[in-house]
Structure formats: C-alpha cells, structure tokens
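# A look at the structure
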Amino acid sequence: MEGKAAPGAFGRRRPTLTGWGTVSQAFSHRVLPYDRADDLLDGALPFLREGIEGGDRVLAVTTLAMHMLLRDKLGADAAGVEFFDSDRWYAHPARHLADTLALAETAAWQKRRLRVLGEPAWARRGPAERSEWQRIEAITNAAFADTGAALLCAYSRTLPAGVVAASRQTHPETTRGRATLPNPGYQDPWLYNARLDSGPLPPAPDDAFDLPIDVPDLYWIRVYVTDFARRTPLPEDDLQRLLVAVTEVVTNALRHGRPPIALRLWLEPGELVCEVTDRGHWTERTGFGLIPPKPAGGAGRFGLWAVRLLCSLVQIRTGRDGTTVRLRLQVPGVPAVPPINLPVNSV
Amino acid sequence: METLSSVRRPVRELRPGDHAWLAYSGEDEQRHVVGSFVRDGLEAAHKIIYLAGSDDVDVPGMHGVRARPGLLTVVPLADARRPDGGFDPGTVLAALTGEIAGAEDGDYTTIRVTADMTFALDLPGGLGELLRCERHIERAVCPSTRVTAICQIDRRRLSADARTALAATHSTFVTPNPEFADSVLQIVRTFDPVGLSLLGELDASRHTVLDEALNKVLGASRGEEIHLDLAGLGFIDLGALNMLADVAARRSGTGPLVLDRMPLQLRTIMETVGWHMLPGLRLGTV
C-alpha cells in the first residue's frame, strides 16, 4: 500500500482552509498524576486560571464530581471555562482526536489557544482499547504540534497497573502543583506507536468465515459482509459504517497490495471483527491514517483515517509476510453461539 | 408529470406500441431525449416522422449522423388550424395517418413518430383539442406493432391540471437514456435541476463512469448549481465522496454541488467522516 494514497479518502476536514493562525505559546502536553482530589486541583487550577487570564478557550473535561469542585474553587472565573463529561468526550479514539484537533486549529485560527484539562476515561476499557487510547495520547504530540494547544491530562493513581507509567511515555512533561518536570521516559510518538504494533495479532479463529477475493466487484464483498452482519446484533448504522470501511480497505489492497487477498469475519465477545489480508508490505511506517489529513490534501492515507473514524478500532500489522488490517465494531450483546454457517463462496 | 398507470422508460427502451410523452423542462432536456430517439432511429434505419410547429425546425439528433435519404420526414403543422385560428387535431391526425401509411408501405421495421405539441397551447381552445388529439393517437399507436411515438410538450407552459390530463392520455413516460447502467449502478442525467440521478451502489469498481458523467454535466452546465439526486443510492464509497468533494472544490466560485434526497444511511457516513463541513458541497432537499 505504499506510494500514493487511494483517491478515496479523507477525514473530518477542518473548517479553515488556507493557512493557519499562529499562537505565541508553544504546544504543551502534560500529565498530572494524582492520588487525591487536592493533588488534581493543585495542578489544574493554576493551569485553568492561566488560560482564563490569557484569553484562551478553556475546557475542563472530567467527572461530574470534579466539575463541582473546580467550579467551587474557581468561583466567578468558572464562567470562563467550558465543562464536558469525560465519558462522552473520550468515547471514540479517532473521533476524539479529530474533534479536539479541529477545536485546537479553529482556536489557533482565531489567534487563540485551546487549553484542555482532560481526564481520560480509562475504567471499563479492555487491553486493546486501552492501548488504542495510549496510542492517541502519543500521536497527540505529533498531531497538535503546530496548534499551540495546552493539554493537561489528569491520571488517577488508582487506575489499572501500567496506565500511569505509560502516560509518562506519551506525555513530554509532568505537572506537579505549579511545577513542570520533563518526563525522562518520554518516547517519540511514532516509535511508541510502532512498539504498540510490534507483536503479532492473535490469529483469526479457525471457524472465521473466509472469503478469498478473486474477482473484485466490490459489490459482492458488501453482500457477503451484510449477510454475515445481519445475523448479529450489529446496529444498522454500524453496518453501513462497516461496509464503507471494508470497501475502502479492500480497494486499497486491490490497488496497492499483492494477491492473494482474503476477507475474514468473526465474532468476539462484544465485537464483530472483519479482517482483510494480502501479501503486500507497507514500507512507509509513518501515517497509517493516524493523523487527520490537512484540508489542503496532499499525500497521505486519507482513506485509512476515515476508516478509523468509522470503526470502533482498527488494527494494522504489516511486514514481509504480508499485511493485515483488522476492523472491529462493538456489538451489543453478542450471543455465545455464533450465527449459523453461511455458504463460503469465492467472489 | 406521471400517473400511477404510466410506465417510466428510457428512450432507448421504447418499443412499438409505446405512446410516450416527454414533458421537457427546457431545450436541453428536449434535445437530449428527442436527439437520442432520432439518432437511434436513423442508425437502425427506422422511419422517422417528425411533426413540428413549422418546417424550419432544427431536428435534434442529426448532428454527425449520416442518414439514408428518405428516413426522416418533417411534417410542418403550421396549417393545423381551423379557419377561426383554433387548433385542428384533424389536420394533425390526417397528416400523421398519411405518413404512417406511407411508411408502412416501405420496408421499415419500426416507425418512430415524434411531435412537439407545445404550439397548440397558444391557439384558442388548444388544450382541449390537444387532449382529443392525444386520445386519437393513443388509440392508433398502442395496438401498433410498428409505431413508437413521443409527444413533446414544454412543461413550463402547463398548469398542474393540464399536466395531469395530458399524462393520462399517454401510457408511457419517457426518460433520458442512462449515462451508465449495469446491474449495480445507474447514472441518469437530470435537467430540472441540472445534474445526475444516481441509483444503486457506487464504489471504486465504477469511479470512472461517475467521473465521466460528472464531467459531461459540468461541461454542459452554465455555472448553475449542479444537483445529484441520491434517493436511489444505497452505497457510496470514500473514493466517490472524495471525487464529489474535488468537483465541488474545482467549482468554488460558481454554483455549488448540491446533494438532494440523501438516504439516511449515507448521511450517517457523512456525519461520521465529517465531510459535510467541506465548502462547495451542500445538502439539498431531504
């Protein structure tokens, strides 16, 4: 899939189209680890007040309880802060990145700075989802670099083991009270990203529905995927998103990959998984649709970026043995028994 | 424009016995549809009988076609008037019957008849006589195994009632030939508004035909809004969306690209991907 991007694709393009505003302050992305609410307030209040006084667009994305504490401490200044709920703000990794980046760029265009106190919602996330959010934390350093945004991420020390430790690898600096300290363990975002993908994906189950793609009328691929998905509780909206995503990934494999190309579908607890494999090898390590494309266009995998918006999670592995793109969509209440067997036809 | 009993049929699929009508929105649509009818007929060596308001008509579909002499007969209807100036359907029917009879004596497998009847509306009592005339033609053409007819009329000149009444006198409603059609996708030109109607599913297997059809419409447009009727579109891929966005960007400064009647499932995709924020692309009628 190396080389030119498929003409397919683009992401949530941003409202400003020519040139970017500049802000005097440099981009910052800091972690604020805390044990008690007071620790959080000690770091967050100076951060928020600095933004209010400086005319920034200031957002506080935390729990309801923390909103109340912050409002109480900020007093009249709270009017200068927009409050959002973490669960909704951090609902989907790629969409979150797109929307926050759009806010940052819009603010920069208005010669303002976006300043966000965020408390990512880590509870209830499984390992794959957790590592996807960690990937977003890392990629944030690359995606927001030119926006001048100030991002402060609060991490409770009660979070599952490794989450706070990983945050020191994805944030260049730590905030402690009014002090800012560099994180010695901070890693280059792309290296961090590559490391997340260094291990192989678990193999597809033996009973996955397997569709070798020989004759590429993409229409038949959608018929097949629809037949499978309609026997699961996947909501109709998500089926439509899946069909667009699968079509894009197969189109890319047909254009840039190497045969044989295969499509596999199976169910896992809470998820429908759709995998496209081919024998090609993506040489270019950067990108992978992780950063929203600039409105001006240019080279880049716009399609893959849109695919990330459409699916719950996208996993990519590429190497000498070939390339695997795995699309995951959350399915409410997947039955313990998979749907009855479909005839496996080659299209 | 249509009645429940009428059949919609692309012009190339009209067959003997079809008495079709074309309520055109303007000259572009008229020439597009009638041009196909005349050109296909000439190429297949069918007899063409073209009834026109006057004999200096510029018959559509003749450009670049080398027709066998005698295939086309133009019948001017300027004389189809009663002494009081009113429209005289008798003259039309007599002229038509005469031409058809003459053609039937020839070795034509099919006789294509078309008439622009708009002029009759200007004459006193024109609509009533026109309806009478249409009923005669319907009775003459429908049982025929050789005659195919298209009655043209300028839609802008018709009241809603007149349109309903005229539609009721025709069994078939003729539409433009699709720009492209296969088992998955159909692309049809639209004229009011100017644009394309897309039916079926659109993906990289058919990007080229979308591109060609878009370029044709853009080439023929005069800077007005271009509308895409998506009501029949079940799927569109990211590549096709990107093509539309590119077209919209190229047209910035002229009319926007308007997406009409977008199905809900496509709207879900747009909203997820966020493309509605692109300038030049606009959601039109729901």
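This text gives an overview of the structure that appears in the document. (Residues numbered from 1 in each chain as written. Chains lettered and ligands numbered in written order. Predicted model: local features only at pLDDT ≥ 70, side-chain atom pairs only at ≥ 80, totals over all residues.)

Within chain B, the regular secondary structure consists of 7 helices and 13 strands. Here the C-alpha radius of gyration of chain B, 21 Å, is about what a compact globule of 286 residues would show, namely 19 Å. Here chain B holds 286 residues, and 36% of them are scored as buried. Put simply, 75% of the contacts in chain B that link residues at least 6 apart link residues at least 24 apart. (Helix = DSSP H or I, 4+ residues; strand = E, 2+ residues; numbered from the N terminus. Rg over C-alpha atoms; globule rule 2.2 N^0.38 Å. Buried ≥ 20, exposed ≤ 12 C-beta atoms within 10 Å, placed from the backbone. Contact = placed C-beta atoms within 7 Å.)

It is worth spelling out the overall build of chain A at this point. The number of helices and strands found in chain A is 10 helices and 12 strands. Counting only residues that meet the buried cut, chain A has 45% of its 347 residues in that class. Contacts spanning at least 24 positions in sequence make up 75% of the contacts within chain A whose residues lie at least 6 apart.

The subject of this paragraph is the environment of V223 of chain A. Summarising the element assignment, V223 of chain A is placed in helix α8 (residues 218–229). On the basis of neighbour count, V223 of chain A is assigned to the partly exposed category, with 15 C-beta atoms found within 10 Å.

Between P259 of chain A and P260 of chain A the backbone carries a cis peptide bond, its omega angle lying at 0 degrees. With respect to the helices, strands and loops of the structure, P260 of chain A is situated in the loop between α9 (236–256) and β9 (262–268). The step from D192 of chain B to P193 of chain B runs through a cis peptide bond, and the omega angle for that step is 5 degrees. Turning to its location among the elements, P193 of chain B is positioned in the loop between β9 (185–191) and β10 (194–202). With a phi close to 60 degrees, K111 of chain A is a non-glycine residue in the positive phi region. Judged by the 12 C-beta atoms lying within 10 Å of it, K111 of chain A falls in the exposed class. Residues other than glycine seldom take positive phi values, yet R261 of chain B does so here, at roughly 50 degrees. Looking at the secondary structure, you find R261 of chain B in the loop between β12 (257–260) and α7 (264–273). Its 16 C-beta neighbours within 10 Å are what place R261 of chain B among the partly exposed residues.

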